[in-house]
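One letter stands for each residue in the lines below.
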Amino acid sequence: MKEDTCNDYYSMPDERGHFGVYGGKFVAETLMEPIEELRQAYEKVKTDEQFQAAFDKDLADYVGRPSPLYHAQRWSDELGGAQIYLKREDLNHTGAHKINNTIGQGLLAKYMGKKRIIAETGAGQHGVASATVAARLGMECVVYMGEEDVKRQAPNVYRMKLLGAKVVPVTSGSRTLKDALNEAMRDWVTNIDNTFYIIGTVAGPHPYPAMVRDFQTVIGREAKRQILEKAGRLPDALVACVGGGSNAIGLFHPFLGDEDVKMYGVEGAGDGIDTPNHAAPLCAGSPGVLHGNRTYLMEDDNGQIIETHCVSAGLDYPGVGPEHAWLKDCGRASYVPITDKEALAAFHVLTLTEGIIPALESSHALAYGAKLAKTMDKDKIIIINLSGRGDKDINTIAEIEGIEL
Amino acid sequence: MSRLQASFETLKSANKTALIPYITAGDPHPSVTVNLMHDMVQAGASILELGIPFSDPMAEGPVIQLACERALKHNVSLTDVLGMVKEFRSKDNDTPIVLMGYTNPVEVMGYEKFAKAAASSGVDGLILVDLPPEEGADLISALNVNKIDMIFLLAPTSTDERMQLICDQASGFVYYVSLKGVTGSANLDVASVVKKVEQIRGHTSIPVGVGFGIRDAESAAQVASVADAVVVGSALVNRIAENADNPEEMSKQVCALLSSMREAMDK
C-alpha cells in the first residue's frame, strides 16, 4: 500500500504523533498529561542551543563520538562482493548505540526537574546505558528486566548494580522485554510526579518514537559524512538489525531522502519465520496496538500478543517502532529475516575475520549484509550498523555451543 | 432508553449509588463466569463490568494481571466474552454490562464487526484503558451506530481542558480513576476524590463512577457519598483467586463482599 503520506519521508510524525496510520498515543488517561508535558519539554529543547550543545559535548567527550566508520576490507574480499563498512557503535561508552539516547533523555529528565529514572531492558544494554546516565547525573535509577533476560544477561545485571541501579526482575507474562515494558509503564503511572521513563527504543506513545529517533540520528549523520570522506559517494545500501528499531532508524533517517540508498532492517527470525518461534513482526506479523502505539505486532487471531523467540535478547520483542511500520508500507525500507543460526555463524565470521566481537543483535545485520554483499559488484558500498559489542553475549554463545567457561 | 441510563435513573430515584463489580471473563475458568455474574446481581450489583482478558494488561496491578493469565490459559477470546454476555442475557435482560479491556483485541476483530457483535450479544458499554478520545474517533462512531456507550476514564492528572475534551465524547458514565497507579493499589485518598468528582461534575451531567483502590465496605461507602457509581475489582478478583478450585465458595465470598458494600453504601 503506497499511501500519500509517503511523499515526504521527513514529514512524520504528524502533530498527533502518527506515522501514516501507525504511532499515536494509546495510553491510559493518567499518562496523557505527563506525555503531553514531555512532548512540550522535548519541543523546547529541540531548538534550545544550550541543551543541544550539552548533548553534543556529552556525545563527544563522554560517549566518544564520532564512532569510526571502518572498511572491513578482509571480510569484503572474502565475500567477493560489495565493500562493507561497519559503523562502529560498539566502540561507544557502554558498548552500544543505546547510550546516544539515554544521554539525550537523561539531560531532558534533568531539564524537567525529575529525580528518578526508570527504564526497561531486554539484553541489558539500554539498562546499563540508563544506569550509567543516572549515576552521572546523581539520580535514582530502577531498571525493569524480564526474569528470563536477567538469567540470560547476568553480566549486564551486575554492571547495572555496580552503577547503583536497582534491577527488578519481572515475573509476569513471558518474562522478557515486553513484560519489562509493561512493568515500567506501571511504575511510571504510579510515580509520574518525580519519575522520568527512559524508553530505550523508537516505540511507545508519542513523542518517544520521534524523540528517540532524533537522539539516534547522530549515527546516520556521521555515517553520511564519513562515507563521503572515505569513498566520495553515498552508499548503495544500509543494513541494521531491528528489535524496536532504534539503531536502524538512527542510521536510516538521514538517508531517507537519498532515494538511491536502499535500506534493509533485519529482524530476528529465531528458528525461522515459517515456524512459530521468531521475533519478526514486520516480516511475519500484522498491525495492532501495544505499548502506546499502533504498529506491526506478533499477535494471534484474537489480538493476544504472542511470545517471541530470538537468540538475541535485544531483538526478542513482539512489536517494532511505528516509523518502521510506515517505512515498510511505503516501500522505502525492506525488512528481512535472519535466523538464530545465521546470526551465530556471522558472529564467528566477523570475530575471526576482522577481530571484532559483535553483539548477537548486530550479528543479525552482519549475516544479512554478507548475503547482500555477495549479490553486488565489488564497487558497490554497504554500510552495516555494528550496533553493539558482543562481550555481553559470550556466556550465551558458550552455552549454545556446549562450552563450559 | 439504554440499560445504563435506565439503571442510573432507577437508582437515582431510590437515592442509591450504583455498585459495579469487575471480574475478568473466564477467570479462573470460562464455566464459572456467567453463574458468577447472576450471583453478583443477586448480591446487589447494579451494573456488571466484565474484563476482556489481555496478554499485556499495562494498567493492572498483580491481582488482575494474574486473572488475565488464568483466563488466557483457557484461551478466552473476545468472541468467547461476547458469548458469555449473550448467555447471561438469556436470563437477565436488565442489568447493564460494560466490557473493560485493552484496544488490541477489539482492533484485531475490527471496530465495526465488534460493535455489531457486542450489540447483538447485549453489551451496553465499553471501556478501553489504552484508548484516549484522541485515538478513538473511528471506534466511537462504530459504537454509536450500534447504541453502545464508550465510557472514558478520567485521572488525577487530567486537566480541566482534558476533562472537557473527554466529557464531550463520553456517554453512559465517566469513570474516575481515583489514584495515580495501577488497579488494586492501596493509596485511596477520599478527600481528593471528593474534590475531583466535584470538578468533573462541572464538565458533564452524565453519571460519574469512581474506581481503583476501593477494597471494602468502608471505602465503598465513603466514595458512594460523592459518586454515582462505585467500581470494585481487585478485592473481588482476590477472592476468586483464593477459591479458584471451589466455585461455590468463590461465589459465596465474592457475594459476601458485595453485600457488605451494598449495605454500607445504602446506610
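What counts, and at which threshold
Residues numbered from 1 in each chain as written. Chains lettered and ligands numbered in written order. Predicted model: local features only at pLDDT ≥ 70, side-chain atom pairs only at ≥ 80, totals over all residues. Heavy atoms only, no water. Buried < 20%, exposed > 50% of the residue type's maximum accessible area, 1.4 Å probe, protein only. Helix = DSSP H or I, 4+ residues; strand = E, 2+ residues; numbered from the N terminus. Pairing = 2+ DSSP bridges. Contact = heavy atoms within 4.5 Å. Buried area = accessible area lost by both parts, 1.4 Å probe. Salt bridge = Lys/Arg side-chain N within 4 Å of Asp/Glu carboxyl O. Polar contact = N/O pair within 3.5 Å; in protein donor to acceptor, adjacent residues only side chain to side chain. Nonpolar A, V, L, I, M, F, W, Y, C, P; charged D, E, K, R; others polar. Axes fitted to C-alpha atoms, helices over the stretch in contact; angles between N-to-C directions. Parallel < 35°, antiparallel > 145°, perpendicular 65-115°, else oblique. Left-handed = near helix turned anticlockwise from the far one by under 90°. Expected span 1.5 Å × (residues − 1). 1 Å grid on protein atoms, 1.4 Å probe; cavity = no way out; pocket = protein on both sides within 12 Å on 5 of 7 lines; lining within 4 Å. Points joined across faces, edges and corners; volume = space filled by probe spheres on them. Disulfide = S-S within 2.5 Å.

How should I be thinking about the pairing of strand S4 (residues 83-88) of chain A in this particular structure?
Within a regular strand, side chains alternate between the sheet's two faces. Residues and elements named next belong to chain A. Of all six residues making up S4, six are buried, and the element is well covered by its neighbours. Where strand S3 (residues 69-71) lies against S4, three bridges are found, and the strand directions are antiparallel. Within S4, the residue paired with His71 across the bridge is Tyr85. In this structure, S4 lies alongside strand S14 (residues 381-386), joined through six bridges in parallel fashion. Bridging from a neighbouring strand, Arg88 pairs with Leu386 of S14.

I keep staring at the interface of chain B and chain A and nothing clicks. Help me out?
When the parts come together, some accessible area is lost, and that loss is often what is quoted as the size of the interface. Taken together, the 36 residues of chain B in the interface contact 37 residues of chain A. Buried area between chain B and chain A, both sides added, is near 2900 Å², and the carbon and sulfur share of it is 49%. Of all residues in chain B, Met58, Glu135 and Lys180 of chain B give up the largest surface area on contact with chain A, accounting jointly for 22% of the area buried on that side. Between chain B and chain A we count four salt bridges in total. Across the salt bridge formed by Glu29 of chain A and Arg162 of chain B, the nearest N and O atoms sit 2.8 Å from each other. The tally of links from chain B across to chain A stands at 23 residue pairs in polar contact (both at pLDDT 80 or more). Those elements that provide at least two residues to the side of chain B that touches chain A are helix H3 (62-73), helix H5 (103-109), strand S6 (153-154) and helix H8 (160-169) of chain B. Classifying every residue of the side of chain B that touches chain A gives 18 nonpolar, nine polar and nine charged.

Is there a simple way to explain the packing of helix H4 (residues 98-111) of chain A against helix H5 (residues 125-137) of chain A in this structure?
Helix packing for two helices is described by the angle between their axes and how far apart those axes are. Residues and elements named next belong to chain A. Running from N to C, H4 and H5 point in directions that differ by 40°, and their axes come no closer than 9 Å. As the angle between them shows, H4 and H5 are arranged oblique. Note on packing geometry: the crossing formed by H4 with H5 is right-handed. Taking contact as the criterion, the partners of Lys98, Ile99, Asn101, Thr102, Ile103, Gly106, Leu107 and Lys110 in H4 are, on H5, Gln125, His126, Ala129, Ser130, Thr132, Val133, Arg136 and Leu137. When its residues are assigned to classes, the contact of H4 with H5 shows six nonpolar, seven polar and three charged.

What should I look at first to understand helix H2 (residues 49-63) of chain A in this one?
Since the α-helix turns once every 3.6 residues, residues separated by three or four places project in the same direction. Given a rise of 1.5 Å per residue, 15 residues ought to cover 21 Å, and the 20 Å separating the end C-alpha atoms of H2 of chain A matches this to within 8%. Gly64 of chain A sits one or two positions beyond H2 of chain A and adopts a positive phi of about 95°.

Sorry if this is basic, but what is going on with empty space enclosed by the protein here?
If a probe the size of a water molecule is rolled over the atoms, the empty space left behind becomes visible. Residues and elements named next belong to chain A. Counted by the stated rule, this structure contains six cavities of 30 Å³ or more. Forming the walls of the largest cavity are 30 residues, and the residues nearest its centre are His97, Lys98, Gly314, Leu315 and Glu361. Residue assignment for the lining of the largest cavity shows that the elements contributing at least two residues are strand S5 (116-121), H5, helix H8 (177-190), helix H11 (246-252) and helix H15 (360-374). A volume near 100 Å³ is recorded for the second largest cavity.

Just to check I follow, could you spell out the sheet that holds S5 of chain A for this structure?
The pairing of strands in a sheet happens through backbone hydrogen bonds and is either parallel or antiparallel. Residue and element names in this part refer to chain A. What the four strands build is an open sheet, ordered S7-S6-S5-S8; its pairing is parallel. Bordering the open sheet on either side are strand S7 (166-170) and strand S8 (195-198), each of which pairs with just one other strand. Recorded for the sheet is a direction-independent mean angle of 25° between the axes of neighbouring strands. For strand S6 (residues 140-146) and S7, the ladder comprises five bridges, and the chain directions are parallel.

Where do I start with the sheet that holds strand S10 (residues 262-268) of chain A in this structure?
Residue and element names in this part refer to chain A. Across the sheet, which stays open at both edges, the six strands sit in the order S3-S4-S14-S9-S10-S13 with mixed pairing between neighbours. On the outer flanks of this sheet lie S3 and strand S13 (334-338), each paired with one strand and no other. Here the average twist between neighbouring strands, direction ignored, is 25°. Pairing of S10 with S13, which is carried by five bridges, proceeds in the parallel orientation. Across the sheet, Gly265 pairs through a bridge with Tyr335, a residue of S13. Contacting S3, S4 and S14, helix H10 (residues 218-231) runs over the sheet at an angle of about 140° to S4.

What exactly am I supposed to notice about the state of the cysteines here?
All names here are of chain A. Overall, the coordinates contain one disulfide over all chains when judged by the stated rule. A sulfur-sulfur separation of 1.9 Å characterises the disulfide bridge that pairs Cys6 with Cys330. Judged by the torsion about the S-S bond (-80°), the Cys6/Cys330 disulfide is left-handed. Taken together, the residues span a long stretch of sequence, with Cys6 in the segment before strand S1 (18-19) and Cys330 in helix H13 (residues 322-330) at a distance of 324 residues. Taken individually, Cys6 and Cys330 each receive the classification buried, so the pair is uniform in this respect.

Would you mind going over the side chain of Thr103 of chain B with me for this structure?
Structurally, Thr103 of chain B is set in helix H5. The class of Thr103 of chain B is buried, set by a relative accessible area of 0%. At 2.6 Å, the side chain of Thr103 of chain B and the side chain of Asp130 of chain B are in polar contact. Apart from the residues lying within four places of it in its own chain, the contact partners of Thr103 of chain B are Phe26 and Val289 of chain A together with Tyr111, Leu128, Asp130 and Leu131 of chain B.

Explanation requested: the layout of surface pockets in the structure shown.
In this structure, the largest pocket spans a volume of roughly 670 Å³. Around the largest pocket, the lining is made up of 32 residues, and of these Leu4, Gln5, Phe8, Glu9 and Pro207 of chain B lie nearest the centre. Class assignment for the residues of the lining of the largest pocket results in twelve nonpolar, ten polar and ten charged. Lining the second largest pocket are 24 residues, with Ile305 and Glu307 of chain A together with Ser55, Glu69 and Leu72 of chain B sitting closest to its centre. Only H8 of chain A together with H3 of chain B provide two or more residues apiece to the lining of the second largest pocket. Top element by residues in the lining of the second largest pocket is H3 of chain B. It accounts for five residues. Its residues placed into classes, the lining of the second largest pocket shows seven nonpolar, nine polar and eight charged.

In short, shape yes, function no, at least from these values alone.
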